[in-house]
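Commentary on secondary and tertiary structure
The residues making up each chain are set out below.
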Amino acid sequence: MKPSRYHIKYSSMTRSSIFSVMLGLFALALTATSCNKFEGGQTVPAYIHIESVEMDSLTDYFVYGANTHKITDAWVYIDDNPIGCYELPSTFPVLKKGPHKVTIYGGIKVNGISASRDRYPFYMPRIYQNVNLVEDSIVNLSPSLSYYPIGEGVNMGWMEDFENTNSLLPDDSSDTSMVRFAGEGAWHSTNSFFSGKVELPPDTMDFTVITADKFDFYKGTYGVYCLLEMDYSCNDTFFVGVQYFKNYQLEMMPLVKVTPTDKEHDKPQRWNKIYINIGPTMNNNVTSDYFKIYLTSDLTTDQDVLYGNVYHPANEPRYYYFDNLKLLYRNLTQ
């Protein structure tokens, strides 16, 4: 870098002089930031409180299936400008006053990972057109969301609620199969009486079930958003993955390792929900003829056995319940 007189001058300063200059610059920057932050003379924020974001109770079960959800965050926009993503419940400051448009999107943990949060692309936002924000006062909002209309932001690639059929079939390597089950432990609600169940006795090593349907909706597009919704309850780990063809070989790619639910609670608290991102795998393998979704236990993984990464009590059967599986997608251009 070309030396300058300013560089020479700075080199001759004492440590205390340098500190004073730096402190002054910091104060100047803070003042400039604060002036911009409190634009319009507002020095006291208003507050918004969101306890939770729910799914609309009027969701059409026969179109979208059960309205179970695990919305953990609120993505908030005011006058179409992003304010922030807030883990719920949350009370947060807003440097606005008077009537404003407030838009709230439902946020999820992608693949069940706390560090991987995003707006769920298949839930429509809740829009409040005139929220009156008052300095030093709290506005309580209780948004409920709906899916986008079919064909206008969301498409249903596959749905399995086990009420009439079971489209998850055992793989050739599986030691057992999944059955429709209506007894204790199944998910019961207004429209739900059956769940899918896999039970492994202590001397049984493995299960793998795979969709009977083949999915090819990603072909001929510029890419897709695609996520699998799934409710589950289990006392041991399992994998969710995709099966596809690559280089004339049938590939099994595990995507997410799912850990046991809290068996100390009663239903429905012992059930959990997860949103699994399938899209990148499909978009990276568009030459594959089709995809299938599979679920498999992981006890045959040598490392898990070696390091004791098994969660079920010794000599007790392992159980896995599944319900409300939905494979949702839309083209990136939608």
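Residues numbered from 1 in each chain as written. Predicted model: local features only at pLDDT ≥ 70, side-chain atom pairs only at ≥ 80, totals over all residues. Heavy atoms only, no water.

Points about the side chain of E163
- Within the secondary structure, E163 is located in the loop between strand 11 (155-160) and strand 12 (168-170).
- There is a polar contact of 2.9 Å between the side chain of E163 and the backbone nitrogen of F194.
- Each residue touching E163, except ones within four places of it in the same chain, is listed here: Y61, R180, N191, S192, F193 and F194. (Helix = DSSP H or I, 4+ residues; strand = E, 2+ residues; numbered from the N terminus. Polar contact = N/O pair within 3.5 Å; in protein donor to acceptor, adjacent residues only side chain to side chain. Contact = heavy atoms within 4.5 Å.)

With respect to the packing of aromatic side chains
- Scanning the entire structure with this criterion turns up 22 aromatic pairs.
- Their ring planes at 85° and their centres at 5.4 Å tell us that Y120 and F122 sit as a pair that is edge-to-face.
- Classification of Y120 by relative accessible area gives buried; the value is 1%.
- Taking the relative accessible area as the measure of exposure, F122 reaches 0% and is therefore buried.
- One aromatic cluster is present, formed by Y64, Y120, F122, Y123, Y147 and Y275 through successive ring pairs. (Phe/Tyr/Trp six-rings, centres within 6.5 Å; stacked < 30°, edge-to-face > 60°. Buried < 20%, exposed > 50% of the residue type's maximum accessible area, 1.4 Å probe, protein only.)

Side note on the sheet that holds strand 5 (residues 90-94)
- Here three strands make up an open sheet; going across it, the order is 5-1-9 and the pairing mixed. Looking along the sheet, the strands with just one partner apiece sit at the ends: strand 5 and strand 9 (138-141). The sheet shows a mean angle of 25° between the axes of neighbouring strands, direction not considered. (Pairing = 2+ DSSP bridges. Axes fitted to C-alpha atoms, helices over the stretch in contact; angles between N-to-C directions.)

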